[in-house]
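# Structural features, examined
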Amino acid sequence: MTSELREAIRGVRDRLKLADRRVVNTTDRTNVFRQITGADYISLGALFVGWASALLFVRGEPNWALLAMFGAFCLDKADGWYARRTGTSSPFGRQVDSFIDIFAYLVPAVLLYHFVLAPSVFASLIVGFLVLAFGGLRLVRHNNDGFGSDDGASYYHGTTVVHTNLVVVANYFVATFVGGWNGWLAGLLICAACPLMVSDYKAYKTDVSHALAGLAAVVAAGLALALEFGYL
């Protein structure tokens, strides 16, 4: 073996040393597992159920997918309640929550439109892009700006991803029960709702708004079950 070959092998072996690749503990490094709280584990549960919803949409089971999505909604609300109750709210937790909102609300919404409502791939391409783009930008802005405050009342800057998700779900039921409503009209309405997520509209965070969102989810879940079992 030539000296050049031995040097080449030694160089490859040195580059593969895992100890040299490991980031040392510093104040600039975030240890993810030490940062995760009970609220974040609830958020991860929402991610799991949101992923189940996506798979059900792909398998052509929109009503069961909606029920799974509403389960993710409940877990998403539970993580915030738990964080406030235990005093474990943090900027890291807020980013975890925003990351999971993508899979709990935005991805199911675009899959619902694509597999059930979209009249063409082109329509699905445009609607899906706008929902994901504006929804993602809305979550980034929320992580950067946080909540606004108006005389002690907290509000979101712009409508939320929950509002946009509800617009898509509402169009699903309208298209099911109202003759003449189709994927083109639904797509136009959804596209019009997307920019509102990055607008200056104040969406107040109140007990009433949470109750209304919960009521809408319960009603939609009931309709999905009724459709699935042939009652409607």
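Small disclaimer: the values here were computed from a predicted structure and weren't measured.

### Section: the overall build of the chain
Within the chain, the regular secondary structure consists of ten helices and three strands. From first element to last, N terminus to C terminus, the chain shows the α and β order α-α-α-α-α-α-α-β-β-α-α-β-α. Across the 232 residues in the chain, those meeting the buried criterion constitute 35%. Roughly 13600 Å² of accessible area belongs to the chain as shown, and the carbon and sulfur atoms make up 65% of that amount.

### Details of the packing of aromatic side chains
This model, assessed by the stated rule, comprises seven aromatic pairs. Pairwise contacts between aromatic rings join Tyr 172, Phe 173 and Phe 177 into one cluster.

### Regarding the nonpolar core
Leu 66, Phe 70, Tyr 113, Val 169 and Phe 173 are the most contacted members of the largest nonpolar core, which has 39 residues in total. Breaking this core down by element, the ones donating at least two residues are helix 4 (38–58), helix 5 (62–86), helix 6 (91–117), helix 7 (121–145), helix 8 (161–177), helix 9 (183–193) and helix 10 (207–228). Take this core: its biggest share by element is ten residues, from helix 6. Dropping the residues within four chain positions of it, Leu 66 is found in contact with Phe 57, Leu 112, Val 169, Tyr 172, Phe 173 and Ala 224.

### What to know about the environment of Ala 46
Secondary-structure assignment places Ala 46 in helix 4. Setting aside anything within four residues of it in sequence, one finds Ala 46 in contact with Ala 72, Leu 75, Asp 76 and Ile 100.

### Topic: the side chain of Arg 138
Inspection of the secondary structure puts Arg 138 in helix 7. Although Arg 138 is buried, it forms no salt bridge, and the closest oppositely charged side chain is Asp 101 at an N-O distance of 7.1 Å. Residues in contact with Arg 138, not counting those within four places in the same chain, are Tyr 156, Thr 159, Thr 160, Val 161, Met 197 and Val 198.

### Some remarks on the sheet that holds strand 3 (residues 202–204)
One open sheet holds the three strands; their spatial order is 1-2-3, and the pairing between them is antiparallel. Both outer strands of the open sheet, strand 1 (148–150) and strand 3, are each paired with one neighbouring strand and no more. When the angles between neighbouring strand axes are averaged without regard to direction, this sheet yields 45°. One ladder, built from three bridges, connects strand 1 with strand 2 (residues 153–157); its direction is antiparallel. Following the sheet pairing, Gly 148 is matched in strand 2 by Tyr 155.

### A short note on helix 8
Helix length check: helix 8, at 17 residues, gives a terminal C-alpha distance of 25 Å against a target of 24 Å (1.5 Å per residue), a fit within 8%. Those residues of helix 8 that sit buried are Val 161, Val 162, Thr 164, Asn 165, Val 168, Val 169, Asn 171, Tyr 172 and Phe 173. Residues of helix 8 that are buried make contact with helix 5, helix 6, helix 7, helix 9 and helix 10. Capping the start of helix 8 is the job of one residue whose side-chain oxygen sits 3.2 Å from the backbone nitrogen of Val 162: Thr 160.

### What about the environment of His 163?
With respect to the helices and strands, the residue His 163 is situated in helix 8. What makes His 163 partly exposed here is its relative accessible area of 37%. For the pair His 163 and Met 197, spaced 34 residues apart in sequence, the C-alpha separation works out to 8.7 Å.

Calculation notes
In this numbering scheme, every chain counts its residues from 1 along its sequence in written order. Selection of residues for local features in this predicted model requires a pLDDT of at least 70, selection of side-chain atom pairs for listing and counting requires 80 or more, and totals for whole chains, interfaces and linings are taken over all residues. Hydrogens and water are ignored here; the side-chain numbers use all heavy atoms of the structure. To qualify as a helix, a DSSP run of H or I must reach at least 4 residues; to qualify as a strand, a run of E must reach at least 2; elements of each kind are numbered from the N terminus. Burial classes follow relative accessibility: with a 1.4 Å probe on protein chains only, a residue under 20% of its type's maximum area counts as buried, one over 50% as exposed, and anything between as partly exposed. Working definition of accessibility: Shrake-Rupley area with a 1.4 Å probe, residue cover restricted to the visible protein chains. When two rings of Phe, Tyr or Trp (its six-membered ring) have centres within 6.5 Å they constitute a pair, described as stacked for plane angles under 30 degrees, edge-to-face for angles over 60, and tilted for the intermediate range. As used in this record, nonpolar core signifies buried Ala, Val, Leu, Ile, Met, Phe, Trp, Tyr and Cys residues forming a set joined through side-chain atoms within 4.5 Å. In what follows, a contact means two residues having at least one pair of non-hydrogen atoms within 4.5 Å. When charges are tallied, Lys and Arg are placed among the positive residues and Asp and Glu among the negative ones, while His and the ends of the chain are skipped. One side-chain nitrogen of Lys or Arg within 4 Å of one carboxyl oxygen of Asp or Glu is enough to make a salt bridge. At least two bridges found by DSSP between two strands is the condition for calling them paired. Axis lines are fitted through C-alpha atoms, for helices just across the contact stretch, and the angle between N-to-C directions can take any value from 0 to 180 degrees. Here a helix's expected span is defined as the number of its residues, less one, multiplied by 1.5 Å. For the purposes of these results, a polar contact is taken to be a pair of N or O atoms within 3.5 Å, where, inside protein, one atom must be able to donate a hydrogen and its partner to accept one; residues adjacent in sequence count only when each atom of the pair is a side-chain atom.

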